[in-house]
There are 2 protein chains.
Amino acid sequence: MSDEAGAALTRDGTFSRRTEIVIRDMILDGTIPPGERLNEVALASALGISRGPLREAIQRLAGEGLLTVISHRGAFVRTFEARELDELYDMRCAFEMYAVRLICRRADDEQLGDLAAFVADTGLAMDDSNGRYPADRDFHRRLLALAGNTTLERAALDTQAQISLARSMSAQAPSRAKAALDEHQAIVDALRSREPDVAVRLVQQHLEHARSGALAALGFTDDPRKGNETP
Amino acid sequence: MSDEAGAALTRDGTFSRRTEIVIRDMILDGTIPPGERLNEVALASALGISRGPLREAIQRLAGEGLLTVISHRGAFVRTFEARELDELYDMRCAFEMYAVRLICRRADDEQLGDLAAFVADTGLAMDDSNGRYPADRDFHRRLLALAGNTTLERAALDTQAQISLARSMSAQAPSRAKAALDEHQAIVDALRSREPDVAVRLVQQHLEHARSGALAALGFTDDPRKGNETP
DNA sequence: TCTTTGTCAACTGTCAACAGTTGGACGGAG
DNA sequence: CTCCGTCCAACTGTTGACAGTTGACAAAGA
């Protein structure tokens, strides 16, 4: 039984790093839902390791904003108040608005062509399905990659992960798939025309829509300048 | 001897958290210079604790970008290549450009008046001294605080700390104090006139100047799109 | 002299046990 | 029935010891 869940971390590297990856996946998969505590002894024995490396992994994940650690009480999968989700969308906005500026300056036409092709392809895939748009995340990932700034890309992806976790706290939002796809297309068009100011404005609007949708899906009012409950 | 350097962490909280604070200060103070390894057994005994909590603190500081951890080799105070410093300035730009947008929307006249007063006061303080402008960091801190987004503020301060660490790798840059002060003043003026687009542009220019100065001070060429050496 | 290989000390990764704290269950008083 | 104080089990914080890896030094060979 000691190598049951532990089978997942039978690659190389230190226990600590492998454990970090396993737990991150469990959090983002929803295997461990927001608000749930990570019992160190139970989790460590389930992974077939001791508490030392597990605790180190927990510290790193807390630094990424996926766990909340409270002294003498334990580590909890992070929950988000309206305000926090709102702030995360600001972060995302800051990152992606600057990213498109960089892209206009640095990306070549071929890279932008690839991005356009991706949007077209995944758009078709969406039409086949029923109104969902699963490639939204990938579009933003590719966008950030094109900016050519690894540091910014990593920070933005962390923010994206936190938003994803926050959104997992609610049922599905009403599908904004078609609108999002159109907005992606418009952003790419602006990039290909090398119009940074237009692209920045479109990104801002796109993320503003996403923000409203996310806040509404979590049952929050549209402009949360005040805190909320913590279960 | 066990509580010699350890006297510094005789406040409350867990050893792990207190240690994190102590080490962060030592890094930013220059007590432990960039590139230096943290010997776990030596440091732990110097702080009067065991290696467990020390290692947890190290993991968190690595997450902040102040330490680089290499498996089986140890934790090193981070060093920065030209490219990395350049990327950090992009991050800072993204944060502060968005921050001033938020400030134009949210900060009231009194807050902006306080900021203006701060710039005026510290400007005089600078003139008394010999060309240095120590309050630059504080100005940016206050700016970020006014944006009213705790998440963004914390991330921006982390970035600021990394930049500060990177700059500590070189001797002093040629003083840009007067120019920086004027630029700060101009930014505040734009904010008080509620002209977000102007403020954003001024922030971008200000940070672009700071970027060039920092890269030059580290002996790097002005546009580092390629990597550098790692000692 | 330069390269290669074997050995070793120092250090990190990991573990199992100990100590202190927390939240809740339990029981009694009002 | 509610409220409050006590006690306890479960869990986290910390420790010291063990195991595996790394880089360097020294000896042997070309």
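What counts and what doesn't
Residues numbered from 1 in each chain as written. Chains lettered and ligands numbered in written order. Predicted model: local features only at pLDDT ≥ 70, side-chain atom pairs only at ≥ 80, totals over all residues. Heavy atoms only, no water. Near = heavy atom within 4 Å. Polar contact = N/O pair within 3.5 Å; in protein donor to acceptor, adjacent residues only side chain to side chain. Helix = DSSP H or I, 4+ residues; strand = E, 2+ residues; numbered from the N terminus. Nonpolar A, V, L, I, M, F, W, Y, C, P; charged D, E, K, R; others polar. Domains from an automatic or database assignment. Contact = heavy atoms within 4.5 Å. Buried area = accessible area lost by both parts, 1.4 Å probe. Salt bridge = Lys/Arg side-chain N within 4 Å of Asp/Glu carboxyl O. Expected span 1.5 Å × (residues − 1). Buried < 20%, exposed > 50% of the residue type's maximum accessible area, 1.4 Å probe, protein only. Axes fitted to C-alpha atoms, helices over the stretch in contact; angles between N-to-C directions. Parallel < 35°, antiparallel > 145°, perpendicular 65-115°, else oblique. Left-handed = near helix turned anticlockwise from the far one by under 90°. Least-squares fit on C-alpha atoms with pLDDT ≥ 70 in both. Pairing = 2+ DSSP bridges.

## Regarding the protein's contact with DNA strand D
Then step 1. In the vicinity of DNA strand D there are 21 residues, among which A:Arg51, A:Arg55, B:Phe15, B:Ser50 and B:Arg73 approach most closely.
Then step 2. Expressed as a percentage, the sugar and phosphate content of the atoms of DNA strand D within 4 Å of the protein is 72%.
Then step 3. With respect to DNA strand D, the backbone of A:His72 contributes an N or O atom lying 3.4 Å from a phosphate oxygen.
Then step 4. If you list the elements that add at least two residues to the surface near DNA strand D, you get strand E1 (37-38), helix H2 (40-47) and helix H3 (51-63) of chain A together with helix H1 (15-29) and helix H3 (51-63) of chain B.
Then step 5. No other element matches the 3 residues that H3(B) contributes to the surface near DNA strand D.
Then step 6. For the surface near DNA strand D, the per-class residue count stands at 5 nonpolar, 9 polar and 7 charged.

## Comments concerning the domain arrangement of chain A
Residue and element names in this part refer to chain A.
Then step 1. The domain architecture assigned to chain A consists of domain 1 (3-77) and domain 2 (82-217).
Then step 2. Placing a centre on the C-alpha atoms of domain 1 and another on those of domain 2 gives a separation of 29 Å.
Then step 3. Contact with domain 1, which involves 7 residues of that partner, is made by 6 residues of domain 2.
Then step 4. Interface area, domain 1 with domain 2, both sides summed: about 530 Å², of which 71% is carbon and sulfur.
Then step 5. Of all residues in domain 1, Leu28, Pro34 and Glu64 bury the most surface against domain 2, accounting for 64% of the area lost on that side.
Then step 6. At the surface where domain 1 touches domain 2, the tally comes to 0 salt bridges.

## A look at helix H7 (residues 150-167) of chain B
Then step 1. Along its 18 residues, H7(B) runs 25 Å from first to last C-alpha, staying within 8% of the 26 Å computed at 1.5 Å per residue.
Then step 2. If you check which residues of H7(B) are buried, you get B:Leu152, B:Ala155, B:Ala156, B:Thr159, B:Gln160, B:Ala161, B:Gln162, B:Ile163, B:Ser164, B:Leu165 and B:Ala166.
Then step 3. Buried-residue contacts for H7(B) involve helix H4 (82-106) of chain A together with H1, strand E3 (74-77), helix H4 (82-106) and helix H6 (136-146) of chain B.
Then step 4. For H7(B), the N-terminal cap is B:Asn149; the gap from its side-chain oxygen to the backbone nitrogen of B:Thr151 is 3.1 Å.

## Notes on the packing of helix H8 (residues 177-192) of chain A against helix H9 (residues 196-217) of chain A
Residues and elements named next belong to chain A.
Then step 1. Contact pair H8 / H9: the axes reach a minimum separation of 8 Å and the direction vectors enclose 165°. By the angle class used here, H8 and H9 are roughly antiparallel. Regarding H8 and H9, the two cross each other, and that crossing is left-handed. Listed contacts from H9 to Ala180, Glu183, His184, Ala186, Ile187, Ala190 and Leu191 of H8 are Val198, Ala199, Leu202, Val203, His206 and His209.
Then step 2. Residue composition of the contact of H8 with H9, by class: 9 nonpolar, 3 polar and 1 charged.

## Some words on the relation of the copies chain A and chain B
Then step 1. Laying chain A over chain B is done by rotating through 180° and shifting 0.0 Å along the axis; what remains is an RMSD of 0.0 Å. Such values leave the two copies arranged in the relation of a two-fold axis.
Then step 2. Most of the interface of chain A is mirrored in chain B, where 100% of its interface residues again form contacts.

## Considering the pairing of strand E3 (residues 74-77) of chain A
Residues and elements named next belong to chain A.
Then step 1. Residues of E3 alternate between two faces, with Gly74 and Phe76 on one and Ala75 and Val77 on the opposite face, all of them buried.
Then step 2. In terms of strand pairing, E1 meets E3 through 2 bridges, oriented antiparallel. Opposite Leu38, over in E3, you have Ala75 as the bridge partner.
Then step 3. Connecting strand E2 (residues 67-70) to the next strand, E3, in antiparallel fashion are 3 residues, including His72 with a positive phi near 65°.

## Things to note about the pattern of salt bridges
Then step 1. Under the definition given, this model contains 36 salt bridges over all chains.
Then step 2. Two residues, B:Glu40 and B:Arg51, come together in a salt bridge whose shortest N-O distance is 3.0 Å. Here B:Glu40 is found in helix H2 (residues 40-47), whereas its partner B:Arg51 is found in helix H3, with 11 residues between them in sequence.
Then step 3. We classify B:Arg51 as partly exposed; its relative accessible area is 40%.
Then step 4. When the shortest N-O distance is used, the salt bridge between B:Asp197 and B:Arg101 registers 2.7 Å. Of the two residues, B:Asp197 sits in helix H9 (residues 196-217) while B:Arg101 sits in helix H4, which places them 96 residues apart along the sequence.
Then step 5. Through salt bridges that share partners, A:Asp86, A:Asp90, A:Glu208, A:Arg211 and B:Arg106 make up one connected network.

## Re the interface of chain A and chain B
Interface size, as often reported, equals the accessible area lost upon joining of the parts.
Then step 1. Taken residue by residue, the interface counts 32 residues in chain A and 32 residues in chain B.
Then step 2. Both sides together, the interface formed by chain A and chain B hides about 2800 Å², and carbon and sulfur atoms give 47% of it.
Then step 3. Between B:Arg106 and A:Asp90 there is a salt bridge, with the nearest N and O atoms lying 3.6 Å from each other.
Then step 4. Within the residue set of the side of chain A that touches chain B, elements represented by two or more residues are H3, H4, helix H7 (150-167) and H9 of chain A.
Then step 5. When residues of the side of chain A that touches chain B are assigned to their parent elements, the largest contribution, 14 residues, is made by H4(A).
Then step 6. Classifying every residue of the side of chain A that touches chain B gives 11 nonpolar, 9 polar and 12 charged.

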